[in-house]
Number of protein chains: 2
Amino acid sequence: MAIRKLAVADARFERSPGQDGEVFTANLVDQRHGGPVTIGFGRYGPDQRLEETMAVDDVMIVLEGMLTVSAAAATVTAGPGEIVYMPKGERVTIRSHGQGAMTAYVTYPHWQEARP
Amino acid sequence: MAIRKLAVADARFERSPGQDGEVFTANLVDQRHGGPVTIGFGRYGPDQRLEETMAVDDVMIVLEGMLTVSAAAATVTAGPGEIVYMPKGERVTIRSHGQGAMTAYVTYPHWQEARP
């Protein structure tokens, strides 16, 4: 597989499964391409809330806006250029704020294959 | 392992191995922490050049500045919020420009363990 540049302009956002709010994901590299990781962009409307038990290791890089992620042992808030690492098995609540958020994400393994 | 927020302010940059230029890396999560992926920040001085055969799958998110990555089949230039995916086995040349660059990176598996 060759090197690839991935930009938000290339992203086709779909509503993130398991919720009917304003949380969208766009995989650009995943199980269809033969590599071990999924890479994509995430988009959050203002004041959204998403609860999930992580079925994969998920690395979320905030590009715009701000997100608060809560779990049993910690609550963190990340802004542009900051990363939230959500290890497999953690039960998390992700909340966006007034300005929503845009993220890049990398998961291992492929999150779409790992969802129950 | 609990969720973690990672910020550049937490990063302790070290010169990237195999070169004596102005290219620095700072792992914040890696083989020492028990998860499958390495997560960190990269810092490039102006007009640097790094050649490497990827020993791991490496996802590089440009946070500041701009980087050009060349390989056999493609040359791409990425700016803030854009991603360059460098699959394992690819021979790449990474070049920074006049304003240098800051990146976030995620590798699978741990790049420090995979280096020849």
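Only a predicted model underlies this, so the values are computations on that prediction, with no experimental measurement involved.

Colleague: Honestly, the relation of the copies chain B and chain A in this entry has me stumped. Any pointers?
Modeller: Between the two copies of the chain lies a relationship made up of a rotation around an axis and a movement along it. The transformation that overlays chain B on chain A combines an axial shift of 0.0 Å with a rotation of 180°, and the residual RMSD is 0.0 Å. Considering both components of the superposition, the chain copies are consistent with a two-fold axis. By residue overlap, the copies meet face to face through one surface: 100% of the interface positions of chain B are interface positions in chain A.

Colleague: For this particular structure, what's the right way to read the packing of aromatic side chains?
Modeller: Two aromatic rings are characterised by how far apart their centres lie and by the angle between their planes. Scanning the model with the defined rule gives one aromatic pair over all chains in all. Look at Tyr 108 of chain A and Tyr 108 of chain B: their rings are 3.9 Å apart centre to centre, the planes differ by 15°, and that puts the pair in the stacked class. Taken as a pair, Tyr 108 of chain A in strand 9 (residues 91–108) and Tyr 108 of chain B in strand 9 (residues 91–108) lie in two separate chains rather than in one. The class for Tyr 108 of chain A is partly exposed, based on a relative accessible area of 22%. The cationic tip of Arg 43 of chain B hangs over the ring face of Phe 13 of chain B; the distance from NZ or CZ to the ring centre is 4.8 Å. Its guanidinium or amino end placed over the ring of Phe 24 of chain B, Arg 43 of chain B lies 4.8 Å from that ring's centre, counting from NZ or CZ.

Colleague: Please clarify how the interface of chain B and chain A should be interpreted in this entry.
Modeller: Many descriptions give the size of an interface as the accessible area lost when the pieces come together. Listed as interface residues are 38 residues of chain B and, on the opposing side, 38 residues of chain A. For the pair chain B and chain A, the summed buried surface comes to about 3,100 Å²; carbon and sulfur atoms form 75% of the total. When the buried surface of chain B facing chain A is broken down by residue, Ile 3, Ile 83 and Tyr 85 of chain B rank first, second and third, together holding 26% of it. Across the contact surface, chain B and chain A share two salt bridges. In this structure, the salt-bridge partner of Lys 5 of chain B is Glu 82 of chain A, at a minimum N-O distance of 3.3 Å. Remark: the boundary between chain B and chain A carries nine residue pairs in polar contact (both at pLDDT 80 or more). Secondary structure elements with two or more residues in the side of chain B that touches chain A: strand 1 (4–6), strand 4 (38–44), strand 6 (57–71), strand 7 (74–78), strand 8 (83–86) and strand 9 of chain B. When residues in the side of chain B that touches chain A are grouped by element, the largest group, seven residues, is from strand 6 of chain B. Each residue belonging to the side of chain B that touches chain A can be placed in one class, and the counts come to 28 nonpolar, five polar and five charged.

Colleague: How should the pairing of strand 8 of chain B be read in this particular structure?
Modeller: Along any regular strand, the residues point their side chains to alternate faces of the sheet. Of the two faces of strand 8 of chain B, the one carrying Ile 83 and Tyr 85 of chain B and the one carrying Val 84 and Met 86 of chain B are both buried. In this structure, strand 1 (residues 4–6) of chain A lies alongside strand 8 of chain B, joined through three bridges in antiparallel fashion. Paired with Arg 4 of chain A across the two strands is Tyr 85 of chain B, which belongs to strand 8 of chain B. Inspection of the sheet shows strand 6 of chain B paired to strand 8 of chain B by four bridges, in the antiparallel sense. Following the sheet pairing, Met 60 of chain B is matched in strand 8 of chain B by Val 84 of chain B.

What counts and how
- Residues numbered from 1 in each chain as written.
- Chains lettered and ligands numbered in written order.
- Predicted model: local features only at pLDDT ≥ 70, side-chain atom pairs only at ≥ 80, totals over all residues.
- Heavy atoms only, no water.
- Least-squares fit on C-alpha atoms with pLDDT ≥ 70 in both.
- Contact = heavy atoms within 4.5 Å.
- Phe/Tyr/Trp six-rings, centres within 6.5 Å; stacked < 30°, edge-to-face > 60°.
- Helix = DSSP H or I, 4+ residues; strand = E, 2+ residues; numbered from the N terminus.
- Buried < 20%, exposed > 50% of the residue type's maximum accessible area, 1.4 Å probe, protein only.
- Lys NZ or Arg CZ within 6 Å of the ring centre and 35° of its normal.
- Buried area = accessible area lost by both parts, 1.4 Å probe.
- Salt bridge = Lys/Arg side-chain N within 4 Å of Asp/Glu carboxyl O.
- Polar contact = N/O pair within 3.5 Å; in protein donor to acceptor, adjacent residues only side chain to side chain.
- Nonpolar A, V, L, I, M, F, W, Y, C, P; charged D, E, K, R; others polar.
- Pairing = 2+ DSSP bridges.

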